[in-house]
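Coordinates in review
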Amino acid sequence: MVNDGHPDTARVIRARARAGELRRIAHGRYVPADTWDLLRPEQRHHVLVRSLVDRIRPHFVVSHLSAAAVLGVPFLGPWPGRVHLIRPGADARTTSATFVVHADFDPEMLGTWQFRRDDLRVTDHDRTAVDLAVSLPFLDGVVALDRLLRLGADARAVQDGIERRSVRGRRRALRSLEFADTGADTPGESVARVRLDEYGAPTPVTQHRFRERGHPDIVVDLWLPDIGVVIEFDGEVKYRDRGMRAGASAEDVVIAEKYREDRLRAFDEVRQVIRLDWRDLWNEASFRGKLRRAHVPMRH
């Protein structure tokens with residue numbers, strides 16, 4: 001991260017930005033363009049938060065989607081261009097060009113529901129779960145809560161925190177928490193679970209393990225045991241990200257997936273395997289079509 005605090009430095013930095021070498025991410029804050037372009041959206045927001053540490057007042061706490069970025073919690077929508085904070089004792093939300101400062105709706109718990117991440121004060125998993133559940137739509141809330149519960153958020157503490165809120169969205173937040181499942185391993189699996197519920201399909205078992213003596217276990221994303229249907233979500237990252245491939249080529253990953261699916265279909269209890277990608281999750285006709293062809297019961 002580059003800071004243009006000194007006048008001479010500022011001129012050089014602005015010239016580099018005009019040349020495309022640097023990206024401006026906030027007033028007076030720049031990062032190398034080649035580094036920025038390689039970052040995922042949540043990583044970019046995390047960098048934005050870090051770049052503004054010196055502008056965050058010591059008693060303010062990084063919160064909401066900004067805390068999510070620091071904690072590694074996924075979000076499906078565009079990440080905010082401002083850093084979200086809670087000001088202890090504040091009773092109203094304020095916004096500037098750089099920050100969104102939220103009211104402190106739970107003053108009794110903010111003092112304990114935070115921790116230090118290097119030089120940042122950040123809401124902890126429980127408080128972040130409460131804030132996101134109350135402020136996000138149901139689908140986004142489920143995606144966030146699935147991850148936060150998996151990371152160690154305490155469901156009872158989150159429920160208590162939501163119930164103390166006298167704000168609009170509390171009922172939706174409680175429903176998101178009730179629907180959340182620590183077994184969901186990726187945002188795609190979380191979205192697929194919500195879609196199945198919307199379509200009136202059976203509730204899946206997450207991360208079900210198939211065992212065969214002499215062979216590695218096969219863990220599937222979603223399993224509908226009553227009708228023998230496996231649902232697997234194919235995110236492109238495992239094919240594109242070299243780190244996820246553990247040194248294997250994309251072609252090797254595809255071949256390994258084929259062998260794995262052949263083994264899976266050989267289990268007596270498995271009748272069908274459905275493979276989904278992000279296009280299916282956002283296209284109801286496509287998703288319903290795959291479910292229908294596998295004879296998964298749904299509402300019409």
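Residues numbered from 1 in each chain as written. Predicted model: local features only at pLDDT ≥ 70, side-chain atom pairs only at ≥ 80, totals over all residues. Heavy atoms only, no water.

Thoughts on the environment of L145
With respect to the helices and strands, L145 occurs in helix 7 (residues 138-150). The exposure class of L145 is buried, given its relative accessible area of 1%. Separated by 36 residues in sequence, L145 and D181 have C-alpha atoms that sit 8.0 Å apart. Here L145 is in contact with A129, A133, V158, S176, L177 and A180, once residues within four sequence places are set aside. (Helix = DSSP H or I, 4+ residues; strand = E, 2+ residues; numbered from the N terminus. Buried < 20%, exposed > 50% of the residue type's maximum accessible area, 1.4 Å probe, protein only. Contact = heavy atoms within 4.5 Å.)

Let's talk about the packing of aromatic side chains
Overall, the coordinates contain seven aromatic pairs when judged by the stated rule. For the ring pair F138 and F179, a centre distance of 5.6 Å and an interplane angle of 70 degrees mean the geometry is edge-to-face. Pair noted here: F138 is in helix 7 and F179 is in helix 9 (residues 170-179), with a separation of 41 residues, a long-range link. Of the aromatic side chains, those joined through ring pairs into one cluster are F210, W223 and F267. The aromatic ring of F138 is capped on one face by R175, whose charged end is 3.9 Å from the ring centroid. (Phe/Tyr/Trp six-rings, centres within 6.5 Å; stacked < 30°, edge-to-face > 60°. Lys NZ or Arg CZ within 6 Å of the ring centre and 35° of its normal.)

Overview of the packing of helix 6 (residues 125-135) against helix 8 (residues 155-163)
Where helix 6 contacts helix 8, the two axes come as close as 9 Å, and the packing angle between them is 50 degrees. The angle between helix 6 and helix 8 falls in the class oblique. As for how helix 6 packs across helix 8, the hand of that crossing is right-handed. Across the interface between the two elements, D126, A129, V130, A133 and V134 from helix 6 touch A157, V158, G161 and I162 from helix 8. Broken down by class, the residue content of the contact of helix 6 with helix 8 amounts to seven nonpolar, one polar and one charged. (Axes fitted to C-alpha atoms, helices over the stretch in contact; angles between N-to-C directions. Parallel < 35°, antiparallel > 145°, perpendicular 65-115°, else oblique. Left-handed = near helix turned anticlockwise from the far one by under 90°. Nonpolar A, V, L, I, M, F, W, Y, C, P; charged D, E, K, R; others polar.)

Considering helix 8
Regarding helix 8, the residues found buried are A157, V158, G161 and I162. The buried residues of helix 8 occupy one face: seen down the axis, they fall within an arc of 135 degrees. Buried residues along helix 8 sit in contact with helix 6, helix 7 and helix 9. The N-capping residue of helix 8, defined by a side-chain oxygen 3.2 Å from the backbone nitrogen of R156, is D154. (Arc of directions from axis to C-beta. Polar contact = N/O pair within 3.5 Å; in protein donor to acceptor, adjacent residues only side chain to side chain.)

Here we look at the pattern of salt bridges
The final tally for this structure, using the stated rule, is 23 salt bridges. For the salt bridge of R209 with D217, the shortest nitrogen-to-oxygen distance reads 3.4 Å. A residue is classified by how much of its surface remains accessible, and R209, at 39% relative accessible area, is partly exposed. Judged by its relative accessible area of 33%, D217 is partly exposed. One connected set of salt bridges, linked through shared partners, spans D234, E257, E261, R265 and R275. (Salt bridge = Lys/Arg side-chain N within 4 Å of Asp/Glu carboxyl O.)

Comments concerning helix 7
With 13 residues, helix 7 extends 18 Å from end C-alpha to end C-alpha; this agrees with the ideal 18 Å at 1.5 Å per step. Taken across its 13 residues, helix 7 has eleven buried, putting it largely inside the fold. Within helix 7 the residues assigned to the buried category are F138, L139, D140, G141, V142, V143, A144, L145, D146, L148 and L149. Looking at the buried positions of helix 7, the neighbouring elements they touch are helix 4 (64-71), helix 6, helix 8, helix 9, helix 10 (187-198) and helix 14 (278-282). At the exit of helix 7 stands G152, carrying a positive phi of roughly 120 degrees. (Expected span 1.5 Å × (residues − 1).)

Digging into the side chain of D221
Mapped onto the elements, D221 comes out in strand 11 (residues 218-224). It is R260 that comes nearest to the buried, bridge-free D221 among opposite-charge side chains, at 6.0 Å. For D221, the side chain forms a polar contact with the main-chain nitrogen of F233, separated by 2.7 Å. (Lys, Arg positive; Asp, Glu negative; His and termini not counted.)

Topic: the sheet that holds strand 11
Here four strands make up an open sheet; going across it, the order is 10-11-12-13 and the pairing mixed. The open sheet has two free edges, formed respectively by strand 10 (205-210) and strand 13 (272-276), since each of these has just one partner strand. Neighbour to neighbour, the strand axes of the sheet diverge by 45 degrees on average, direction disregarded. By the bridge criterion, five bridges tie strand 12 (residues 229-233) to strand 13 in an arrangement that is parallel. Within strand 13, the position partnered with I231 by the bridge is I274. Here helix 10 sits on the sheet in contact with strand 10, strand 11, strand 12 and strand 13, set at roughly 20 degrees to strand 11. Relative to the sheet, helix 15 (residues 284-293) contacts strand 12 and strand 13, its axis offset from that of strand 13 by approximately 170 degrees. (Pairing = 2+ DSSP bridges.)

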